[in-house]
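Each chain, letter by letter, is given below.
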Amino acid sequence: MTVTEETAPASHYDRIGGASSVKAAVELFYDKVLADPELAGYFADVDMAGQRRHLALMLTVVLGGPNEYTGRGLAEAHQPLNITVGHYAKVGEHLMVTLTELGVPADIMADVQTVLGQVQGQVVAAGNRSGV
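Residues numbered from 1 in each chain as written. Predicted model: local features only at pLDDT ≥ 70, side-chain atom pairs only at ≥ 80, totals over all residues. Heavy atoms only, no water.

Remarks on helix α3 (residues 19-35)
Think of an α-helix as turning once every 3.6 residues; residues three or four places apart then point the same way.
Item 1. Under the 1.5 Å per step criterion, the end-to-end length of α3 is 24 Å for 17 residues, consistent within 8% with the ideal 24 Å.
Item 2. Buried residues in α3 make contact with α2 (12-16), α4 (48-62) and α6 (85-101). (Helix = DSSP H or I, 4+ residues; strand = E, 2+ residues; numbered from the N terminus. Expected span 1.5 Å × (residues − 1). Contact = heavy atoms within 4.5 Å.)

Here we look at the packing of α3 against α6
Item 1. With their axes 9 Å apart at the nearest point, α3 and α6 run at an angle of 135° to one another. Considered as vectors, α3 and α6 are oriented oblique to each other. For the pair α3 and α6, the crossing hand works out as right-handed. For the pair formed by α3 and α6, the contact residues are A25, L28, F29, K32 and V33 on the first element and V91, H94, L95, V97, T98, L99 and E101 on the second. (Axes fitted to C-alpha atoms, helices over the stretch in contact; angles between N-to-C directions. Parallel < 35°, antiparallel > 145°, perpendicular 65-115°, else oblique. Left-handed = near helix turned anticlockwise from the far one by under 90°.)

Structural notes on the packing of aromatic side chains
Item 1. As enumerated under the stated definition, the model contains two aromatic pairs in all.
Item 2. Consider the rings of Y30 and F43, whose centres lie 5.6 Å apart with planes at 75°: the pair is edge-to-face. With Y30 in helix α3 and F43 in the loop between α3 and α4, this pair connects stretches of sequence that are 13 residues apart.
Item 3. Classification of Y30 by relative accessible area gives buried; the value is 3%.
Item 4. An aromatic cluster of at least three residues, connected via ring pairs, comprises F29, Y30 and F43. (Phe/Tyr/Trp six-rings, centres within 6.5 Å; stacked < 30°, edge-to-face > 60°. Buried < 20%, exposed > 50% of the residue type's maximum accessible area, 1.4 Å probe, protein only.)

Comments concerning the pattern of salt bridges
Item 1. With the rule as written, the count across this model stands at six salt bridges.
Item 2. Its salt-bridge partner being K90, residue D36 comes within 3.3 Å of it at the nearest N-O pair. Here the residue D36 occupies a position in the loop between α3 and α4, and K90 occupies one in helix α6, the gap between them amounting to 54 residues.
Item 3. Taking the relative accessible area as the measure of exposure, D36 reaches 8% and is therefore buried.
Item 4. The exposure class assigned to K90 is partly exposed, which follows from its relative accessible area of 23%.
Item 5. Residues participating in the shared-partner salt-bridge network are E27, D31 and R52. (Salt bridge = Lys/Arg side-chain N within 4 Å of Asp/Glu carboxyl O.)

Regarding α6
Item 1. Given a rise of 1.5 Å per residue, 17 residues ought to cover 24 Å, and the 24 Å separating the end C-alpha atoms of α6 matches this to within 8%.
Item 2. Against α3 and α7 (106-123) lie the buried residues of α6.
Item 3. Note on α6: the residue one or two positions beyond its end, G103, has a positive phi of about 75°.

Some details on unusual backbone geometry
Item 1. Unusually for a residue other than glycine, N82 sits at a positive phi of about 55°.
Item 2. Topologically, N82 is positioned in the loop between α5 (74-78) and α6.
Item 3. Since its relative accessible area comes to 48%, N82 is described here as partly exposed.

Quick word on the environment of V91
Item 1. By the element assignment, V91 lies in helix α6.
Item 2. In the structure, V91 is positioned 75 residues away from I16 in sequence and 21 Å away in space, judged by C-alpha atoms.

Honestly, it's all geometry; don't read function into it.
If you want it as structure tokens, here you go:
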């Protein structure tokens, strides 16, 4: 083991188990979202295999893993969907429940929650930002 390996803190990505753990989280998360009648409509015409891949790549980046995401930006992908603050919050709740169920440490969950707050304006439609 090198000095760098000894002193460099593990990324959140590595701490939760890497790609297999991210994939498991994405699968469970989308199972929850698609079962939610308030949210399922957003995905009616979506290639869910591709959607799951995109989220896994994005979540990997958020968690400090390798950045291999080459898809559209958050605003470009989400603004046309007219997502409300209430629906954004529900998606965030499903993600946090998923991470809790998978035993993700509290500090990592707090960091994910912070990122959700930071990107909300890119996802929620401009006309829907002040309410549900």
